[in-house]
Amino acid sequence: GDTYQFGTNLIDFKAQEAKTKSGETVQLSRKETMLLKLLIENKNEVVPREKILQAVWGYNVYPTTRTIDNFILSFRKYFEEDSRNPRYFHSVRGVGYKYSEQ
């Protein structure tokens, strides 16, 4: 679908924007939108860093893995009540990232 809701958050993939936990609307970059869609489509599954890099950045451009970390930090800031204790966006050390609703 074009939109996805979890908790009080709403993502509009087509408009590339999100309504955050605080109710504000933020514009998402194309890469943020692609990464959110990838994680949500693979809900409850760990998505390896390599798969994220290929799907979002393409084969030729390999940003540092810190780039993905920074995107995840942004998502936590937008969507998590407590970014230090994330409910939706999880890092799986040495493997990748996972989106889940627990």
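**With respect to the sheet that holds strand S3 (residues 17-19)**
And then number 1: Taken in spatial order, the four strands line up as S1-S2-S3-S4 in an open sheet, and their pairing is antiparallel. Edge positions in the sheet fall to strand S1 (3-6) and strand S4 (25-27), since each of these pairs with one other strand and no more. For this sheet, the mean inter-axis angle between neighbouring strands, taken without regard to orientation, is 15°.

**Quick look at the pairing of S1**
And then number 1: Covered by surrounding structure in S1 are Tyr-4 and Phe-6 only, the residues Thr-3 and Gln-5 on the alternate face being uncovered.
And then number 2: Pairing of S1 with strand S2 (residues 9-12) involves four bridges; the strand directions are antiparallel. Bridge pairing in S2 links Thr-3 to Asp-12.
And then number 3: Connecting the antiparallel pair S1 and S2 is a turn made up of two residues, with Gly-7 showing a positive phi of about 55°.

**Things to note about the packing of aromatic side chains**
And then number 1: All told, the structure shown has 13 aromatic pairs when counted by the stated rule.
And then number 2: Ring geometry for Phe-6 and Phe-79: centres 5.3 Å apart, planes at 65°, overall edge-to-face. Of the two residues, Phe-6 sits in strand S1 while Phe-79 sits in helix H3 (residues 65-79), which places them 73 residues apart along the sequence.
And then number 3: With 6.3 Å between their ring centres and 15° between their planes, Tyr-88 and Tyr-99 make a pair best called stacked. Of the two residues, Tyr-88 is situated in the loop between H3 and strand S6 (89-92) and Tyr-99 in strand S7 (residues 96-99); the sequence distance between them amounts to eleven residues. For the residue pair Tyr-88 and Tyr-99, the accessibility class agrees, reading buried in each case.
And then number 4: Here the basic side chain of Lys-37 rests over the ring of Phe-13, its NZ or CZ set 4.3 Å away from the ring centre.

**Some remarks on the pattern of salt bridges**
And then number 1: If you walk through the whole model with that rule in mind, you get four salt bridges.
And then number 2: One salt bridge connects Glu-101 with Lys-43, and the closest N-O pair in it is separated by 3.5 Å. Here Lys-43 lies in the loop between helix H1 (30-41) and strand S5 (46-48) and Glu-101 lies in the segment after S7, a separation of 58 residues in the sequence.
And then number 3: According to the relative accessible area criterion, Glu-101 is partly exposed, its value standing at 35%.
And then number 4: On the accessibility criterion, Lys-43 (34% relative accessible area) is partly exposed.

**So, the sheet that holds S6**
And then number 1: One open sheet accounts for three strands, arranged S5-S7-S6; its pairing is antiparallel. Two strands close off the open sheet at either side, each with one partner strand: S5 and S6. When strand polarity is set aside, the average angle formed by the axes of neighbouring strands in this sheet is 30°.
And then number 2: Those strands touched by H1 are S5, S6 and S7, and its axis lies near 70° from that of S7.
And then number 3: Packed onto the sheet, helix H2 (residues 49-57) meets S5 and S7 and runs at close to 70° relative to S5.

What counts and how
Residues numbered from 1 in each chain as written. Predicted model: local features only at pLDDT ≥ 70, side-chain atom pairs only at ≥ 80, totals over all residues. Heavy atoms only, no water. Pairing = 2+ DSSP bridges. Helix = DSSP H or I, 4+ residues; strand = E, 2+ residues; numbered from the N terminus. Axes fitted to C-alpha atoms, helices over the stretch in contact; angles between N-to-C directions. Buried < 20%, exposed > 50% of the residue type's maximum accessible area, 1.4 Å probe, protein only. Phe/Tyr/Trp six-rings, centres within 6.5 Å; stacked < 30°, edge-to-face > 60°. Lys NZ or Arg CZ within 6 Å of the ring centre and 35° of its normal. Salt bridge = Lys/Arg side-chain N within 4 Å of Asp/Glu carboxyl O. Contact = heavy atoms within 4.5 Å.

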